[in-house]
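Examining the three-dimensional arrangement
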Amino acid sequence: NESSRQPGRAFLKKENHHLPDESLGWRKKCARGQNRLKLDRLLFDRNPSVVRLLLDNPRIVERDVVKIASMRPANSLCLHEVFASRRWIQRYHVKVTLACNPYTASDIALACVPQLMLPRLR
């Protein structure tokens, strides 16, 4: 059931529990930046525009993207940003994580499944 896998409004309203008092503009600025501590905290952000900027940041590595894609509960729009990123959707572990996350939209998860290796599917 798709509706049972959607996070509640209270969850989505609190976009970043690691940086609760920071504005969206400040978080976007930090997502473009070089400070690794701030980038690590922004990995938990639930705003798709912040996630998109993080995915474009050259300091972000595959481990970070897998962390974003594996979050539970997750904002499905953030997971869509990971899927839409040409740089990161080519990575096998990112595809596996998206396919295995129950909060990923069905069409995205199904698009990842044909590219998974047989042992992973079992």
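Whatever comes next refers back to the structure up there.
Now for a description of the structure that goes with this document. Since this is a predicted model, take the numbers as computed values, not measurements.

**Quick word on the nonpolar core**
Among the nonpolar cores identified, the biggest contains 25 residues, and L54, V82 and L98 are the most heavily contacted of them. Contributing elements (two or more residues each) for this core: α2 (24-31), α3 (36-42), α4 (48-56), α5 (62-70), α6 (76-84) and α7 (92-100). Sort the elements by how many residues they give to this core and α4 lands first, with 5 residues. Apart from residues lying up to four places away in sequence, L98 is in contact with A69, L79, V82, F83, I89, T104, A109 and C112.

**Digging into the side chain of E81**
The topology assignment puts E81 in helix α6. Assessed through its relative accessible area of 14%, E81 is described here as buried. Excluding residues within four positions of it along the chain, E81 makes contact with P48, V51, R52 and L55.

**Re the pattern of salt bridges**
With the rule as written, the count across this model stands at 6 salt bridges. One salt bridge connects R36 with D64, and the closest N-O pair in it is separated by 2.6 Å. Of the two residues, R36 sits in helix α3 while D64 sits in helix α5, which places them 28 residues apart along the sequence. You can call D64 buried: its relative accessible area is 0%. Of the charged contacts in the structure, one is a salt bridge between E62 and R91, with a shortest N-O distance of 3.2 Å.

**Thoughts on α5**
Where α5 is concerned, the buried positions are D64, V65, I68 and A69. Buried residues of α5 fall within an arc of 135° about the axis and therefore sit on the same side. Contacts made by the buried residues of α5 are with α3, α4, α6 and α7.

**Quick look at the packing of α5 against α7**
In the contact formed by α5 and α7, the axes pass within 9 Å of each other and the chain directions differ by 10°. Taken as axis vectors, α5 and α7 run roughly parallel relative to one another. Residues E62, V65, V66, A69 and S70 of α5 form the contact with α7, whose participating residues are H93, V94, T97 and L98. Here the residues of the contact of α5 with α7 sort into 5 nonpolar, 3 polar and 1 charged.

Analysis parameters
Residues numbered from 1 in each chain as written. Predicted model: local features only at pLDDT ≥ 70, side-chain atom pairs only at ≥ 80, totals over all residues. Heavy atoms only, no water. Core = buried A, V, L, I, M, F, W, Y, C linked by side-chain atoms within 4.5 Å. Buried < 20%, exposed > 50% of the residue type's maximum accessible area, 1.4 Å probe, protein only. Helix = DSSP H or I, 4+ residues; strand = E, 2+ residues; numbered from the N terminus. Contact = heavy atoms within 4.5 Å. Salt bridge = Lys/Arg side-chain N within 4 Å of Asp/Glu carboxyl O. Arc of directions from axis to C-beta. Axes fitted to C-alpha atoms, helices over the stretch in contact; angles between N-to-C directions. Parallel < 35°, antiparallel > 145°, perpendicular 65-115°, else oblique. Nonpolar A, V, L, I, M, F, W, Y, C, P; charged D, E, K, R; others polar.

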